[in-house]
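Read off the chains here:
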2 protein chains.
Amino acid sequence: MALFKNLENLSELIKVAKGEIKGDILLKNVNLVNVFSGEIYKTNVLLWKEFIAGVGDEYNEAHQVIDLEGKYLLPGFIDGHIHIESSLLCPSEFAKLVLPHGTTSIIADPHEIANVLGEKGIEYMLRASENLPLDIYFMIPSCVPATHMETAGGEIEIRNIENLLKEERILGLAEIMNFPGVIFGIPEVLKKIKITKENKKIVDGHSPGLSGQNLQAYISAGIESDHECTTREEAEEKLRSGMRIMIREGSAAKNLEELLPVVNEKNYHRCFFVSDDKHPEDLLHQGHINYIVRKAVKLGLSPVRAIQMATLNTAQYFNLKGKGAIAPGYIADLLIVEDLSDFNINKVFKSGKLVINEGKLMVNIPHYEDLSVLNTVHIKSVSPDNFIIKDKGKKVKVIEIIPNQIVTRKLIIEPKVEKGEIISDTENDILKLAIVERHKNTGNIGLGLVKGFGIKKGAIASSVAHDSHNIVVVGVDNYSMYLAVEEISKMGGGFVVVADGEIKASLPLPIAGLMSNESGEKVIEKLKKLLKSAMDLGSQIENPFITLSFLALPVIPQLKLTDKGLVDVDKFEIVSLYED
Amino acid sequence: MALFKNLENLSELIKVAKGEIKGDILLKNVNLVNVFSGEIYKTNVLLWKEFIAGVGDEYNEAHQVIDLEGKYLLPGFIDGHIHIESSLLCPSEFAKLVLPHGTTSIIADPHEIANVLGEKGIEYMLRASENLPLDIYFMIPSCVPATHMETAGGEIEIRNIENLLKEERILGLAEIMNFPGVIFGIPEVLKKIKITKENKKIVDGHSPGLSGQNLQAYISAGIESDHECTTREEAEEKLRSGMRIMIREGSAAKNLEELLPVVNEKNYHRCFFVSDDKHPEDLLHQGHINYIVRKAVKLGLSPVRAIQMATLNTAQYFNLKGKGAIAPGYIADLLIVEDLSDFNINKVFKSGKLVINEGKLMVNIPHYEDLSVLNTVHIKSVSPDNFIIKDKGKKVKVIEIIPNQIVTRKLIIEPKVEKGEIISDTENDILKLAIVERHKNTGNIGLGLVKGFGIKKGAIASSVAHDSHNIVVVGVDNYSMYLAVEEISKMGGGFVVVADGEIKASLPLPIAGLMSNESGEKVIEKLKKLLKSAMDLGSQIENPFITLSFLALPVIPQLKLTDKGLVDVDKFEIVSLYED
């Protein structure tokens, strides 16, 4: 993003700064939070076009003068790592939800859509995020497909990365989750790092629990950050070893409280805030980066430092010139807040334009329509019989859910059998689980059993299932499971609750089977209805769709299910449902 | 500078970090100064080839183990802004002088040689600094020639900048001294900034005393740093406005003591040390960046912070990945020091090689020979008559030197006249001064008078005269002046002292008339003899060659002399020697 488009533009900006040409907007009597000097002081700020022209008491007029009567002026918040897909919203609707919270830039990792559509999915995200009053930068998903034990819809290969690195808004390579691949020196993985570095772009890490020589080896490859620290010791070791620490506080993983004590005056400029995943209802009700800033201040961090960690520190890591601070020539991404404790957002300026005023969106945000990312559900015709699990007179493995965690436990049980068929055992909460491959018409269906959902009838299904996003369905009977999968196929992806031979509730997610075209409010409304319907079936889980979405993720221990079968994650191999 | 050359290299580095392959050198029992976390702790550091492979107690063997028994290990020092030419040494000899002081990287501004040879001069500096155990990066001189009121040998135009920006070791555009050019929006100046920004490179500032709206305007153009702050208030204003502050402590300008109180825990990561100009004797006896670090600590700065400002902060501003810290994958530029007060350097490692051991250079540094930068003195044949200043029966303007300053005062006096000729008046210390154009055979000779040198006979001359580096000569009589200029011409540039019809002492500076091919020690020895000879003529000035070198600089008030004539700097125009 060039700070100025042409010489005329620059020379005019200079004249505005000198006071020779009238600026567009004067923000008068602000209490400026200066993220360079760490000071807060009263001054005036002059805007012209998308820029900050000057800061100082000398600036006293403009076409529009807004007297802010001592309210605080901060740089717009930046989220250093987020998966937009987790919001279930397309980029424009995502923007509408985060702008009122003061987010003006995000660095997104389009990992989910890449698993469905490969490079085409990332290109959609790029196009769908043009011309928004939210700057969306991207990192290229580094591990697509995630493993060989599942069928993904897309692949991101070296040649795709080479293509994508040319894009201005692509800042580098996203979280290298495949840390064993780095440590074991898999050429394919190292090559991805190499070409990113050659393009002078950034390589993000993802190395939960990595320590000692393995951590040193991972970092030696040129990996510059981590957002997976869960303990103070882990963050301290990674900081010392040169990594920038992204302190994550999202809908699922919440590390702020644990990690905040690590931050001190000597290292704070190497730490910043990220959300990683935010569910739509959390985005609407709780907030985004403003929520993290508020919580950090409540936990004892100084407000200025919290703001630095939500703005300048992030911009510096990603080498985003002209972003993350309030200074001449910088992009006028600005927030007005009433106080530095609740950080309630009074106004948001994006690129010099008032986009939020007292919670109200002041600009029209265009919706981007792209047919090529719709209709991504391609399954062979299914029938209830596809969900039959034959009894072999053997014990079977069962995936046991641990509430609020994405790890699972492996159980061995004697299954309930009827007419030579293993069936759901609602009394012991053992339900049938299936993963239906939905990208390439392979007809692959992985079958298994799961404990912990608690539903007593019907079925629940989703096309959001990390990382390959095949259809995941849990159910009491074959017919309900069949019906649920059929409905997802009809919707082109989404969430569904089925019972008594009918669709009780659904949320279509037609964009890659991951995102809605509807507004955040609409999506949240439908989600509520879905959760209510799931509870009606007896579900004990806060959000069964989130639980479902992690049951197909074969990199998280202990037992998972993919379209290729049951995966023993500790052994990192496909195993039989039946015990010998 | 790619951190690794190829995949084999990277994959081997990872294996060394994991402890699977033996590293080259283990630095055992060091007290590591961690510039990321601000901590100091005991550990071991493993080197492999030019890299740091890993840091940690787990590392216990290598082909060579050096037990450092608790000595301190720091990253190599970086000078963020220096003109190598001021040392009078070519890059390889400069390297020999600074390495023992722990400097392992510099960012040089080849402004002087560019004024003599244009792009060719910069290309020489690039080639002459290849394969040295000192990483020399360059910024492209932004203001060559400095003004239209003098004749320079070279020009740096837009097309030269475009060429040079392609070079890996060229990091951006050097100090934009022409701040009026920026503020008045001169298209040529803005264009230089624009192409540098488009190449994602850095633009350094130079804006002494600039404040308020003019400063805001200067910064709005995208200028990111300043090394010209002389007061606390100036540095604070510039910091707040988003500039990085280079705190300068060189041979001429010394700002550390004044500026250090500005540095605090909130802003220190935006400040770093530079020397700007260092004379060879200061480099040898006083030190370089280590001298600034030592002095800063004596003035009360914490040693870790001082080290951060001499390493990581500089590397981050210039986006030098893998430099300025001790971490896996980083270039092994390391210093061993005995304590954190005197910072006496025990050992220096450059790219994993021991280059300095107890003050002794351990590697052979090749000398780079390039005939194309020699023989740059091209003058029309001169005779003593060329130095005649005719009397017009009018008062004349005299340049008055202010000791230890580069500004001068304008005096108006009744000249001493003999046979219709204005002559030197040693009694009142009014001497004749001439600038002889030496690049293009124009025959231009600017004539004037100067007060303050104190010499009673002979002449002193130099081909180092900022910014155009024509020959500057001060003398008592025409013949001595002629002889001095002739000798400089014969040497292809240099310093000379003439008296009694003979050469009393000289220092040839054959490289562009600015730099010697000899060692620092030799140059210092010859300089000493020159200064002694100048004193023998009656010189009152500590170093008359430095004073001489600023008398032709028409951007520094009040009265200067160029080959085109006397310049009234306040009026920014050529004026007559004679008063009306």
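Note: the structure precedes this text.
Presented here is an overview of the structure given in this document.

What follows covers the overall build of chain A. Helix and strand counts for chain A stand at 17 helices and 31 strands. Rg of the C-alpha trace for chain A: 25 Å, near the compact-globule value of 25 Å for 580 residues, within the 12% margin. By its C-alpha atoms, chain A is 90 × 50 × 45 Å across when sized along the principal axes. Relative to its full complement of 580 residues, chain A shows a buried share of 65%. Taken together, the 65 basic and 79 acidic charged side chains of chain A have centroids lying 1 Å from each other.

A few words now on the pattern of salt bridges. Considering all chains together, one arrives at 61 salt bridges over all chains under this definition. A:Lys504 is the partner of A:Glu502 in a salt bridge, and the nearest nitrogen-oxygen pair spans 3.1 Å. Its relative accessible area of 42% is what places A:Glu502 among the partly exposed residues. Residue A:Lys504 is classed as partly exposed on the basis of its relative accessible area of 30%. In this structure, B:Lys457 and B:Asp500 form a salt bridge, with 3.2 Å as the shortest nitrogen-oxygen distance. Residue B:Lys457 is found in the loop between strand E24 (445-451) and strand E25 (459-462), and its partner B:Asp500 is found in the loop between strand E27 (494-499) and strand E28 (502-508); the two are separated by 43 residues along the sequence. Under the relative-accessibility criterion, B:Asp500 is labelled exposed at 52%. Connected through shared salt-bridge partners, A:Asp135, A:Lys323, A:Asp333 and A:Lys350 make up one network.

All names here are of chain A. Across the junction of His466 and Asp467, the peptide omega takes the value -10°, indicating a cis bond. Turning to its location among the elements, Asp467 is positioned in the loop between strand E25 (459-462) and strand E26 (471-475). Positive phi is not limited to glycine here, since Ala512 has a value of about 60°. Mapping Ala512 onto the fold places it in the loop between strand E28 (502-508) and helix H16 (520-536). By relative accessible area, Ala512 is classed as buried at 0%.

Bringing helix H7 (residues 187-198) of chain A into the picture now. For an α-helix, 3.6 residues make a turn, and residues three or four places apart therefore share a direction. An ideal rise of 1.5 Å per residue puts 16 Å on 12 residues; H7(A) measures up with 16 Å between its terminal C-alpha atoms. Of the positions making up H7(A), those classed as buried are A:Val189, A:Leu190, A:Lys192, A:Ile193, A:Lys194, A:Ile195, A:Thr196 and A:Lys197. Against the buried residues of H7(A) lie helix H5 (158-164), strand E9 (170-176), helix H6 (179-183) and strand E10 (202-205) of chain A together with helix H1 (7-18) of chain B. The first or second residue beyond H7(A) is A:Lys200, which carries a positive phi of 60°.

Next up on the list: the packing of aromatic side chains. The way to describe two aromatic rings as a pair is by their centre distance and the angle between their planes. Taken as a whole, this structure holds 18 aromatic pairs over all chains when the rule is applied. On the numbers, 6.2 Å between centres and 65° between planes, the contact of A:Phe272 with A:Phe318 is edge-to-face. Within this pair, whereas A:Phe272 is found in strand E13 (residues 271-274), its partner A:Phe318 is found in the loop between helix H14 (312-317) and strand E14 (334-337), the two being separated by 46 residues in sequence. Here A:Phe272 and A:Phe318 have matching classes, each one buried. Ring centres of B:Tyr124 and B:Tyr368 lie 6.0 Å apart, and the angle between their planes is 45°; on these two criteria the pair is classed as tilted. Linking B:Tyr124 in helix H4 (residues 119-128) with B:Tyr368 in the loop between strand E17 (360-361) and strand E18 (389-390), this pair joins segments that are 244 residues apart in sequence. Its relative accessible area of 27% is what places B:Tyr368 among the partly exposed residues.

Once that is clear, we can look at the pairing of strand E6 (residues 77-82) of chain B. A regular strand places its side chains so that they alternate between the two faces of the sheet. All names here are of chain B. Among the 6 residues in E6, 6 count as buried, and that is most of the element. Pairing geometry for E6 and strand E7 (residues 103-108), over 4 bridges, is parallel. Following the sheet pairing, Ile78 is matched in E7 by Ser105. In this fold, the crossover linking E6 to E7 by way of helix H2 (residues 91-98) has right-handed handedness.

Our next topic: the interface of chain A and chain B. Taken residue by residue, the interface counts 64 residues in chain A and 64 residues in chain B. Roughly 5300 Å² of surface becomes buried between chain A and chain B when both sides are summed, with 55% attributable to carbon and sulfur atoms. Of all residues in chain A, the largest losses of buried area upon contact with chain B belong to A:Lys18, A:Gln213 and A:Arg240, amounting jointly to 13% of the total for that side. Summed over the shared surface of chain A and chain B, the number is 6 salt bridges.

With that settled, consider the sheet that holds strand E12 (residues 244-248) of chain A. Paired through their backbone hydrogen bonds, the strands of a sheet run either parallel or antiparallel. In space, the 3 strands of this open sheet follow the order E11-E12-E13 (chain A), with parallel pairing throughout. Since the sheet does not close on itself, it has two edges, and those belong to strand E11 (225-226) and E13 of chain A, each with one partner.

When chain A is fitted onto chain B, the two copies agree to an RMSD of 0.0 Å after a turn of 180° and an axial shift of 0.0 Å. Those values place the two copies in the arrangement expected of a two-fold rotation axis. Taking the C-alpha atom as reference, chain A places A:Glu265 closest to the rotation axis, 3.1 Å from it. Both copies contact each other with a shared surface, as 100% of the interface residues of chain A are interface residues in chain B too.

This next bit is on the environment of A:Gly538. Residues and elements named next belong to chain A. You can see Gly538 is positioned in the loop between H16 and helix H17 (544-549). Between the alpha carbons of Gly538 and Asn313 there is a distance of 46 Å; along the sequence they are 225 residues apart. Not counting chain neighbours up to four residues away, the residues in contact with Gly538 comprise Phe453, Gly454 and Ile455.

Let us now look at the sheet that holds strand E26 (residues 471-475) of chain B. Residues and elements named next belong to chain B. The mixed open sheet is built from 8 strands, whose spatial order is E20-E19-E24-E23-E26-E25-E27-E28. The open sheet terminates on both sides in strands that have one partner only, identified here as strand E20 (408-413) and E28. For this sheet the average axis-to-axis angle between neighbouring strands, irrespective of direction, equals 25°. For strand E23 (residues 430-436) and E24, the ladder comprises 7 bridges, and the chain directions are antiparallel. Looking at E24, one finds that Ile430 is bridged to Lys451. Contacts between helix H15 (residues 478-491) and the sheet are confined to E23, E25, E26, E27 and E28, with E27 contributing the most and set at about 150° to the helix. Contacts from helix H16 (residues 520-536) reach E25, E27 and E28, with the element oriented near 150° to E28.

Here we come to the pairing of strand E12 (residues 244-248) of chain B. All names here are of chain B. Of all 5 residues in E12, 5 are buried, a share of seventy percent or more. A two-sided burial pattern is seen for E12, the buried positions comprising Arg244, Met246 and Arg248 on one face and Ile245 and Ile247 on the other. The sheet contact formed by strand E11 (residues 225-226) and E12 spans 2 bridges and is parallel. Residue pairing for E12: Ser225 is matched across the bridge by Arg244. Read from E11 through helix H9 (residues 232-240) to E12, the crossover connection turns out right-handed. The pairing of E12 with strand E13 (residues 271-274) spans 4 bridges and is classified as parallel. In the sheet register, Arg248 faces E13, and the bridge partner there is Val274.

Next up on the list: the side chain of A:Thr408. All names here are of chain A. One can find Thr408 in strand E20 (residues 408-413). At 2.7 Å, the side chain of Thr408 forms a polar contact with the backbone oxygen of Leu559. Sequence-distant contacts of Thr408, defined by excluding residues within four places in its chain, comprise Ile399, Glu400, Ile402, Leu551, Pro557, Gln558, Leu559 and Lys560.

In this section: the side chain of B:Thr104. Residues and elements named next belong to chain B. In this structure, Thr104 sits in strand E7. Among the residues examined, Thr104 registers a relative accessible area of 1% and is labelled buried. With residues up to four places along the chain from it excluded, the contact list for Thr104 reads Gly76, Phe77, Leu134, Asp135, Asp333, Val348, Phe349 and Lys350.

We now examine the environment of A:Ser506. Residue and element names in this part refer to chain A. For Ser506, the position within the fold is in strand E28. Owing to a relative accessible area of 25%, Ser506 belongs among the partly exposed residues under this scheme. Sequence separation between Ser506 and Lys529 is 23 residues; the distance between their C-alpha atoms is 8.1 Å. Contact partners of Ser506, with chain neighbours within four places excluded, come to Met491, Phe495, Val496, Lys526 and Leu530.

Calculation notes
- Sequence order as written defines the numbering, with residues in each chain counted from 1.
- The order in which chains are written sets their letters, starting at A; the order in which ligands are written sets their numbers, starting at 1.
- Selection of residues for local features in this predicted model requires a pLDDT of at least 70, selection of side-chain atom pairs for listing and counting requires 80 or more, and totals for whole chains, interfaces and linings are taken over all residues.
- Values shown for side chains rest on all heavy atoms present in the structure; no hydrogens or waters enter the calculation.
- Helix and strand labels come from DSSP, where a helix needs a run of H or I of at least four residues and a strand needs a run of E of at least two; each type is numbered from the N terminus.
- Our radius of gyration is a C-alpha quantity, and the globule rule it is checked against amounts to 2.2 Å times the number of residues to the power 0.38.
- Each residue gets one of three labels from its accessible area relative to the maximum for its type: buried under 20%, exposed over 50%, partly exposed in between, using a 1.4 Å probe on protein chains only.
- Here the positive residues are Lys and Arg and the negative ones are Asp and Glu; neither His nor the chain ends is included.
- A charged residue contributes its charge at one atom only: NZ of Lys, CZ of Arg, CG of Asp or CD of Glu.
- By definition here, a salt bridge exists when the distance from a side-chain nitrogen of Lys or Arg to a carboxyl oxygen of Asp or Glu is within 4 Å.
- Helix span is expected to be 1.5 Å times the residue number reduced by one.
- The contact definition used throughout considers only heavy atoms, calling two residues in contact when any of these lie within 4.5 Å.
- Pairing of aromatic side chains here covers Phe, Tyr and the six-membered ring of Trp, requires ring centres within 6.5 Å, and sorts the geometry by plane angle: under 30 degrees stacked, over 60 edge-to-face, intermediate tilted.
- Two strands pair under a simple rule: DSSP has to find at least two bridges between them.
- Look down the strands so they point away from you; if the path from the first strand over the helix to the second goes clockwise, the crossover is right-handed.
- Summed over both partners, the accessible surface that disappears when two parts come together, traced with a 1.4 Å probe, is what is meant by buried area.
- When the copies are superposed, the least-squares fit draws on C-alpha atoms of residues that have pLDDT of at least 70 in both.
- Every axis corresponds to a line fitted to the C-alpha atoms, with the helix fit spanning only the stretch in contact, and the corresponding angles, defined between N-to-C directions, vary from 0 to 180 degrees.
- Counted as a polar contact is a pair of N or O atoms within 3.5 Å, where, for protein atoms, one must be capable of donating a hydrogen and the other of accepting one, and residues adjacent in sequence contribute only when both atoms are in side chains.

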